[in-house]
Amino acid sequence: MPSLYGGYGRYGCIMAFMACHVAATHSSLDYHERMMQSMTDAMLHEMLDKLPDVIKEKIEELGLAGNELSMEEFARLPESIIKRLNPNVLSGLTAEDVGELIMYVGNSPEGLFHLLSHLNPKVFREFLEYAQQLIDEQGAPSPEIRVVIISAFEFHFGKKLNVEDIELLSPFLASISVDSIRRMKDKETFLALLENLTPNIRKELQSAQARAILQAGLRHWGKTSYWDEEKLSMIGSLMAYMEPSELKTISPAIMMNLLPMLSKFGFEHSRGRIIVNVATQSPGWKWTADQVKDLGSLVQYLHSSEIINLPSDVLAETGDMLVKSVTSNNGTRSQVRNLAKKMKESMGKVEDWGAEEIQTMGPAISGLNVKELKNLPATAVVQEITNLRKGSFSKRQKEVLMNKFKSARNDTAKPISGKELRKLGKLAAGLKSSDFKQMRPQDIRESLETFKEARKEMKKTQKFEIIKKLKETEGGIGEVLVEMGDLASEVPLSSLETISVEQMGFEQEGDNVSEVSNVGKIHWKKSQSMMMFREVVKKQMFADGLDMISAGSLRFLGTLTLGMTCDDIESLLDDTIISVVGVLMEQDGWDKRQLSCMADKVRHSLGGSDNMTASLDEIDITLLTGQLLKELTADELTNIGSQERQHVYTAIGQVDVTNMNRDKQERIANDILKMREKDRAGSVIDSEDLDVLGKLICDVDADALERLSTDVFSNALYDFQHCCLSMKQRKVIGKRIITDFGSPDTWSSDIISNVGNLLMMIKDSDIQKIPRGKSTGEFSVVAEEVMGGFKTYLETKEECEKDVDMNNKDTRVLEDGFINVAISAKNALVFGAVSVEAQRWRRETYSPTCEEIEVLGEGNVAWTPDELSAITAAEFENCAETLGLIESFDDDQLDALLDKAIETWGEAGDMTSTEIQQLGVVATRFTADEISQLNLTDNDAVYAIAQYSGWTSQQLEAAAARYVALNGGSTSALTGQDFISLSNFLCGFSVDDISTLSAEAYGEVSSVVGSLSCSTEQWAAFKGLAFQAFGDLDDWQPEIFSEIGFVVAGFTTTELSSLSNASIAAIAAEAIALIPEETFALGFSSAQLLIFDEDQVGAITDAQQSELSESQRSALSTTGFIDEDQMDIGAAGKQSSATAIMVFQQVLTVALYMQFA
């Protein structure tokens, strides 16, 4: 039976290409054009005659005859030939013939479109009917096949689809374009579309398609407030794409009736909360057990206060559902804690619980505090461990449970078995690295699924021991690589050098190369993917070159393609590059340099003229995706036809644009508004405009923000919280928040939650008005959600400030805004906690509770040092780990917490490894003398504190010396595990000490070392270890430079000047900034600076620029990644330094003259 997938059998085109290349392997479009033009009738006769048997009859009808060519051999014809086959031959094919041929050209969109568009229209319709049979047997075809089929249909029968067309195209509707949906002007076609969108098709729809369907609903049915239960039922899962303002207009009674349906769909948090809020406002809502059951998975959007207030009889009937939904959907700590608190009300003391009580609590047991977990009977914990493994436990909670688990074993000294380990799931992250060290390699090998589940929550020290054990198994890493999943990203380069095609499991992947291989699903480190693409893909699989590699082969390789260099990209065939890039864009993680090289390749394939992008059609745009399209220049995007340009902009607006040039983002946003005639004063930007803008809403100017409709502004709040906004934009947004939502003293908890981290943009006096009492509008109800929303802001803060050119004053304004919100959240929590004694906490120093500390997150910076000192020892014991994770504390706050730790646990020398581990960043306030007394024997504990920055050189030296003294007394004996554990403490070793470290140990963890904060002299010493581990510099492959990270800062000028283009391309931008300015200027030539990408150029410091020659500055300017003003600053700095020296010399001369006159 033919296939719509495009499979080629066993190795598919991957291995077959090694022996089955056709003669035409040149990689230029010109070559293929000349080849086709120079074909004689006899040559064409021969080529066409060598088609499969299924179309032999058609060939003979044209009077052709010759030798047979198998179907698989036909598949080896490059797309360049397939898409130029004689239309006369294609027009004579039957539906069955086409189904057979798609098996071989399915991964070549242009070839497939050529085939389908030249069919007899009647045959094309017959093929669509025949395709339904294939889909019923084999499942849905790939996205690019669906796109091509719909485009070919519109080519044959016009772009305006009717009811019959929709029914015929129903299997392919997951790839219907936004423009096709917008062209559906009659209601019957729209209704036919909804009817034919099966649940599986709806799951595949992109947000732009879903929004276009909803906009069609607004055109045909009117505002959402008019939509009845029948219409909303037809919309079904697409309600997840309705804007918040649209959901709010639905009748509460209708929403309540729809809950059983809605509970089956996934909603973003703010939308899910609106559904719950609207439904519970219905007059018929009484919080009965049946109504709570109707909420289903939507209970995850209940406020923690709503959970704690559930009637006991309702909880008894719905407890299992609540536990499953809240804990499996990453509910807030407040939700889980209140659920546990509510459930345990009728269960007695935790120390008296048996297996039955723990089973009833299930994963909700993660809502218990550390002390309560310690009091659980160990035997009951062991008995129900598989039930507990689903909970969302903190690291400390996992450790407590694992101590319980180990203590209940008959032989506590015996290593944990594989059988025991496999019961633990994510709880395995609570074991010590020493536990893994004691285990049998085979037990580790048989527990890979457990490690894959727990990987994200495991420390590097734990993962190191696991990898070490896997190396000891029979066959080593190579035999288990396919089964490791993302754990493979921890494997050192040296263990991947000899991996073969067979060990990567490619021969076991089956017959369908439209699927991604198992190895291609692993999230490799950049250095790993670079090595494996070269050593396995290029040397073993495509030794003759990449010019004939197909799109299907690249899809099969998956994440390994992320190791491609620009030379690899350049070697791809121009004539098929859009199809190939379309597959490559299925991967996330391309760096700017790779995307830029792909964009250059696309430009070349289009002819390279000023208006080359005008030829891009709907298929091209769909294949290239927003990820690649955003790499085109603003002028190139503007040259695309107006209808296609809207498609392009919609695609760009759906992807992450944070790494895109800010000026280009703003220009595109402005062009969208101009194209939609919304760039004029007084024009209102509506929801359809927002659908096109997508994430580019972040880049509209302050004037446009003023012109957003009220609904659009409200709907865009979530996007604004993830934007890098200028101060002008922030001021407008802050002003509009007050204008659109009214005075904060009237706000509900839902408004506070939706505004989220944008609260920092309103005045402090307005923040203080936010309700904090016991009403439904209290801030404390959503404090955890609001403060959690600041995580993204804090993680991207520095990059954003650089992106929008903020000055120090602007930065201080934002920092003050964050602190003001944190203080307000803290005060709301405190006010609620002591409302009975409303004034007491104002006269006395308040003692924070663990519950409040967990809710505030990074907002704990709002506590004063005195308040932190007032935490009771019992509370500190329960939440020391949480406090140790807050890196925003100032020195006074950290000192208060360290004093509290000493008060609770004793002096530094008395603290246990478990206690040290909980300190986290607080440990940075130990004196050097105190560090010299710490128990630094546990790898996990040392790693837990060493990973933080902010240590003084004296502290680092003390920590390094203490660790060596307690762990063998010799730096030369330190292992890779020791290197990981020490982390930043490695920077406490002297240059002489570093030179004695093991090169083998360094080679195992070089990427960890390369991310530390050492001095230039220390980096130079580590460079010596790198040379021992990886060989002479001349022999280094590019991935080594990616692997060693900041060690490049220790290179000499001679070493830098010797680097190849590929080596320079692999240097991390952050490492560039660490190179001493004089070394940088003397080391990199003008020609080398031309190789720098945008991130590398952006990392060059003013001090480095000031040392550059005119030729070097000219080279940087030529890259296009730095403007003249920045270059002038660098030049001015150099001139200023020279002037200062001259002035000093003149002053000195005068002084000497006066002295001796």
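Nothing here was measured: the structure is a model prediction, and the numbers come from that model.

How each quantity is defined
Residues numbered from 1 in each chain as written. Predicted model: local features only at pLDDT ≥ 70, side-chain atom pairs only at ≥ 80, totals over all residues. Heavy atoms only, no water. Helix = DSSP H or I, 4+ residues; strand = E, 2+ residues; numbered from the N terminus. Buried < 20%, exposed > 50% of the residue type's maximum accessible area, 1.4 Å probe, protein only. Areas by Shrake-Rupley, 256 points an atom, 1.4 Å probe, with all protein chains shown as cover. Axes fitted to C-alpha atoms, helices over the stretch in contact; angles between N-to-C directions. Parallel < 35°, antiparallel > 145°, perpendicular 65-115°, else oblique. Left-handed = near helix turned anticlockwise from the far one by under 90°. Contact = heavy atoms within 4.5 Å. Nonpolar A, V, L, I, M, F, W, Y, C, P; charged D, E, K, R; others polar. Phe/Tyr/Trp six-rings, centres within 6.5 Å; stacked < 30°, edge-to-face > 60°. Disulfide = S-S within 2.5 Å. Patch = residues over 30% accessible without salt bridge, like charges linked within 9 Å, V, L, I, M, F, W, Y side chains within 5 Å. Salt bridge = Lys/Arg side-chain N within 4 Å of Asp/Glu carboxyl O. Lys, Arg positive; Asp, Glu negative; His and termini not counted. Charge placed at Lys NZ, Arg CZ, Asp CG, Glu CD. Core = buried A, V, L, I, M, F, W, Y, C linked by side-chain atoms within 4.5 Å. Expected span 1.5 Å × (residues − 1). Bend = angle between axes of the 7 residues up to and from the residue. pLDDT = per-residue confidence, 0-100.

Asker: Got a minute to help me understand the overall build of the protein chain in this structure?
Answerer: Per the secondary structure count, the protein chain includes 78 helices and zero strands. A burial count over the protein chain gives 57% of its 1157 residues as buried. Carbon and sulfur atoms provide 48% of the accessible area of the protein chain, an area that totals close to 47100 Å².

Asker: Whenever I open this one, the packing of helix H11 (residues 143-157) against helix H41 (residues 618-629) confuses me. Can you help?
Answerer: Two packed helices can be described by the angle between their axes and the distance between those axes. Viewed as axis vectors pointing N to C, H11 and H41 meet at an angle of 165°, and their least axial separation amounts to 10 Å. Regarding the angle of H11 to H41, the classification is roughly antiparallel. Our pair here, H11 against H41, has a crossing hand that is right-handed. Mapping the contact onto sequence places Glu-144, Val-147, Val-148, Ser-151 and Glu-154 in H11 and Glu-618, Ile-619, Thr-622 and Leu-623 in H41. When grouped by side-chain class, the residues that make up the contact of H11 with H41 number four nonpolar, two polar and three charged.

Asker: Teacher, can you tell me more about the packing of aromatic side chains here?
Answerer: Aromatic ring pairs: the centre-centre distance and the angle between the two ring planes describe each pair. Summed over all chains, the structure comprises 28 aromatic pairs. Centroid distance Phe-1080 to Phe-1092: 6.2 Å. Interplanar angle 75°. Geometry classified as edge-to-face. Of the two residues, Phe-1080 is situated in helix H73 (residues 1077-1083) and Phe-1092 in the loop between helix H74 (1086-1089) and helix H75 (1094-1099); the sequence distance between them amounts to 12 residues. In this structure Phe-1080 comes out as buried when scored by relative accessible area, which is 0%. Feature note: the residues Tyr-1002, Trp-1019, Phe-1022, Phe-1027, Phe-1030, Trp-1036, Phe-1041, Phe-1046 and Phe-1051 constitute an aromatic cluster, connected by ring pairs.

Asker: Whenever I open this one, the state of the cysteines confuses me. Can you help?
Answerer: Note on terminology: a disulfide is the covalent bond linking the sulfur atoms of two cysteines. Tallying each qualifying case throughout the model produces five disulfides. The partner cysteine of Cys-566 in its disulfide is Cys-597, sulfur to sulfur 1.9 Å. In this structure the cystine formed by Cys-566 and Cys-597 twists about its S-S bond by roughly 85°; its chirality is therefore right-handed. Of this pair, Cys-566 sits in helix H38 (residues 566-570) while Cys-597 sits in helix H40 (residues 592-605), and the two are 31 residues apart along the sequence.

Asker: Looking at this structure, I do not really get a positive patch on the surface. What am I missing?
Answerer: Taken together, Lys-728, Lys-731, Lys-809 and Arg-812 make up a surface patch of like positive charges. Of all the secondary structure elements, the ones that give two or more residues to the positive patch are helix H49 (727-741) and helix H54 (808-833). Take Arg-812: it is sitting in helix H54.

Asker: What exactly am I supposed to notice about the nonpolar core here?
Answerer: Side chains of a nonpolar character, in soluble globular proteins, are inclined to be buried together. Formed by 345 residues in total, the largest nonpolar core has its most connected members in Met-484, Phe-720 and Phe-1022. Top contributing element to this core by residue count: H54, with eight residues.

Asker: How should I be thinking about unusual backbone geometry in this particular structure?
Answerer: Glycine aside, negative phi is the norm for most residues, and most peptide bonds take the trans geometry. Phi at Thr-625 takes a positive value of approximately 60°, unusual for a residue other than glycine. Positionally, Thr-625 belongs in helix H41. Looking at Thr-625, the relative accessible area reads 23%, which means it is partly exposed. We note that Ser-983 has phi near 40°; this positive angle belongs to a residue other than glycine. Its location among the elements puts Ser-983 in the loop between helix H64 (976-982) and helix H65 (991-995).

Asker: So what exactly am I meant to see when it comes to the pattern of salt bridges here?
Answerer: Side-chain pairing between opposite charges can occur once the charged atoms of the two side chains come close. The tally for this structure, following the rule as stated, stands at 72 salt bridges. Lys-426 is the partner of Glu-457 in a salt bridge, and the nearest nitrogen-oxygen pair spans 3.9 Å. Separated by 31 residues along the polypeptide, Glu-457 in the loop between helix H33 (448-454) and helix H34 (460-471) and Lys-426 in the loop between helix H30 (418-421) and helix H31 (433-438) bring together distant segments of the chain. By sharing partners, the salt bridges in this structure join Arg-333, Arg-337, Lys-341, Glu-851 and Glu-854 into a single network.

Asker: I would appreciate a short explanation of helix H23 (residues 312-328) in the present structure.
Answerer: Given 3.6 residues per helical turn, the α-helix brings residues three or four places apart onto the same face. Look at H23: 22 Å from first C-alpha to last across 17 residues, which is about the 24 Å you get at 1.5 Å a residue. The largest bend along H23 reaches roughly 70° and is located at Thr-318. What H23 keeps buried is the set Val-314, Leu-315, Thr-318, Gly-319, Leu-322, Val-323, Ser-325, Val-326 and Thr-327. Buried-residue contacts for H23 involve helix H21 (289-295), helix H22 (304-308), helix H24 (333-343) and helix H25 (355-361).

Asker: Would you explain the environment of Val-98 in this entry?
Answerer: Relative to the assigned elements, Val-98 resides in helix H8 (residues 95-105). Setting aside chain neighbours within four positions, we find Val-98 in contact with Leu-93, Leu-116, Leu-119 and Phe-127.

Asker: Help me understand the packing of H41 against helix H43 (residues 642-653), please; the structure alone is not making it clear to me.
Answerer: Following both chains from N to C, one finds H41 and H43 inclined at 35°, their axes separated by 8 Å at the closest point. Crossing handedness for the pair H41 and H43: right-handed. The residues of H43 that touch H41, namely those facing Glu-618, Ile-621, Thr-622, Gly-626 and Leu-629, are Glu-644, His-647, Val-648, Ala-651 and Ile-652. Taken together, the residues of the contact of H41 with H43 sort by class into five nonpolar, three polar and two charged.

Asker: In this structure, what is going on with the side chain of Asp-671? I would like to understand it.
Answerer: As for its placement among the helices and strands, Asp-671 is situated in helix H44 (residues 662-675). We classify Asp-671 as buried; its relative accessible area is 13%.

Asker: I would appreciate a short explanation of helix H16 (residues 207-221) in the present structure.
Answerer: Helix length check: H16, at 15 residues, gives a terminal C-alpha distance of 21 Å against a target of 21 Å (1.5 Å per residue), a fit within 8%. Counting buried positions along H16 yields 12 of 15 residues, so the element is predominantly enclosed. For H16, the full list of buried residues reads Ala-208, Gln-209, Ala-210, Arg-211, Ala-212, Ile-213, Leu-214, Gln-215, Ala-216, Gly-217, His-220 and Trp-221.

Asker: When you look at the environment of Gln-438 in this model, what are you seeing that I'm missing?
Answerer: Inspection of the secondary structure puts Gln-438 in helix H31. Separated by 23 residues in sequence, Gln-438 and Pro-415 have C-alpha atoms that sit 5.7 Å apart.

Asker: Explanation requested: the side chain of Lys-826 in the structure shown.
Answerer: Within the secondary structure, Lys-826 sits in helix H54. Lys-826 gets classed as buried once you look at its relative accessible area, which sits at 6%. The residues contacting Lys-826, other than those within four sequence positions of it, are Leu-856, Ala-862, Trp-863 and Glu-867.

Asker: Looking at this structure, I do not really get the environment of Glu-497. What am I missing?
Answerer: Looking at the secondary structure, you find Glu-497 in the loop between helix H35 (476-480) and helix H36 (526-541). Sequence spacing of Glu-497 and Glu-535 is 38 residues, and the spatial spacing of their C-alpha atoms is 7.3 Å.

Asker: Please explain the confidence of the model for the protein chain as it appears in this structure.
Answerer: Low pLDDT means the predicted coordinates in that region are not meant to be read closely. For the protein chain, mean pLDDT is 86; residues scoring 70 or higher make up 87% of the total. Here residues 1-76 scores under 50 on pLDDT; set against residues more than four positions off or in separate chains, the count is 162 contacts. Low pLDDT, under 50, characterises residues 1136-1157; the predicted model gives this stretch zero contacts beyond four residues in sequence or across chains.

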